[in-house]
Amino acid sequence: MAKLFRAAIMGPPGSGKGTISKRIAQSFGLQYLSSGHYLRESMAANTEAGVLVKSYVERSMLVPDHVMTRLMLPRLEQLSGHSWLLDGFPRTLSQAQALNSLCQLDLVISLNIPYETLRERLSDRWIHPASGRVYNMGFNPPRVKGKDDITGEPLIQHDDDKPEALMARLRHYKDVAKPVIDLYKSQGILHSFSGTETDRIWPYINSLLNAKMHTQPSDACRTQTP
Ligand SMILES: Nc1nc2c(ncn2[C@@H]2O[C@H](COP(=O)(O)OP(=O)(O)O)[C@@H](O)[C@H]2O)c(=O)[nH]1
Ligand SMILES: Nc1ncnc2c1ncn2[C@@H]1O[C@H](COP(=O)(O)OP(=O)(O)O)[C@@H](O)[C@H]1O
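Residues numbered from 1 in each chain as written. Chains lettered and ligands numbered in written order. Predicted model: local features only at pLDDT ≥ 70, side-chain atom pairs only at ≥ 80, totals over all residues. Heavy atoms only, no water.

- Per an unreviewed UniProt entry, the protein is named GTP:AMP phosphotransferase AK3, mitochondrial, and its organism is Amphiprion percula.
- Per UniProt, the protein has the following entry under Sequence similarities (unreviewed entry): "Belongs to the adenylate kinase family. AK3 subfamily."
- For the record of the protein, the UniProt heading Subcellular location (unreviewed entry) holds the text "Mitochondrion matrix". (UniProt positions renumbered as here; feature names shortened; annotations may be inferred.)

Printed below as a string of structure tokens:
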């Protein structure tokens, strides 16, 4: 039987979770699940749940735990038997506990990036909303300014990446993430990486995953939430 591997990546907004996740998914063939992507999808669908989600995201607030677990856990249940990587979930202790009751993670990557670096990156982050493709005007600019490389459609900036919202998000992130990080530390699965450049952090993450994925068999996740 193929070995299964389940990981999560944590870090403040702008720490490079999306960028690194894309590299991990490509290099190691894990399924990639991003909470931000599913939330934006639900907002775009304009369903009752989407309107509720929007009221939080627009105010730079965390979406309530029960909404998040209802959004994320069924997707993980469908992936029982696959290896996956979670980005942006769990973000609170309560979300981590809900996830734990479904599945034990094998590895958690935590990114520690200085505040000034985060501020610079996010003020330069542009998104293609339909696909979730992320650009940075310095680090990975689009081929044509303001346009998505694949479709040519216009790029936008998230309201919550604008400077007014950013400080509040970063401060809040730290308070909420601390108990989650402590939990994973106590389980012995937390690996932290510090730096100002993704390209310098990536080789360490790459070799960690190479070592872990080839030594660590894992049980299939439960298929039912309690
Ligand atoms: N200048 C610079 N920008 C980066 C680096 N790594 C990622 N970025 C950009 O910083 C922004 C935030 O990265 P992202 O992966 O979206 O972070 P997330 O919010 O943690 O998912 C994006 O615009 C990335 O293209 C880096 O090493 N240097
Ligand atoms: N696990 C989560 N719990 C609560 N809210 C979340 C979660 N993940 C994402 N969100 C909400 O969606 C917004 C965008 O998330 P995301 O795309 O992951 O951006 P970032 O990494 O830049 O914070 C967050 O600011 C927050 O309001």
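## A word on the packing of helix H5 (residues 93–102) against helix H7 (residues 163–186)
Argument step 1. At their nearest, the axes of H5 and H7 sit 8 Å apart, and the two run at 35° to each other. Packed against H5, whose contacting residues are Leu93, Ala96, Leu99 and Asn100, the element H7 presents Pro179, Val180, Leu183 and Tyr184 at the interface.
Argument step 2. Taken together, the residues that form the contact of H5 with H7 break down as seven nonpolar, one polar and no charged. (Axes fitted to C-alpha atoms, helices over the stretch in contact; angles between N-to-C directions. Helix = DSSP H or I, 4+ residues; strand = E, 2+ residues; numbered from the N terminus. Contact = heavy atoms within 4.5 Å. Nonpolar A, V, L, I, M, F, W, Y, C, P; charged D, E, K, R; others polar.)

## Concerning the site of ligand 1
Argument step 1. By nearness alone, 17 residues border ligand 1, and Gly14, Gly18, Thr19, Arg125 and Thr198 come closest of all.
Argument step 2. Separating an oxygen atom of ligand 1 from a backbone N or O atom of Ser15 is a distance of 3.3 Å.
Argument step 3. Contact distances for ligand 1 include 3.4 Å between an oxygen atom and a side-chain N or O atom of Asn136.
Argument step 4. Burial of ligand 1 by the protein amounts to 89% of the accessible area it has alone, namely 580 Å².
Argument step 5. Elements supplying a minimum of two residues to the shell around ligand 1: helix H1 (17–28) and strand S6 (133–136). (Near = heavy atom within 4 Å. Polar contact = N/O pair within 3.5 Å; in protein donor to acceptor, adjacent residues only side chain to side chain. Areas by Shrake-Rupley, 256 points an atom, 1.4 Å probe, with all protein chains shown as cover.)

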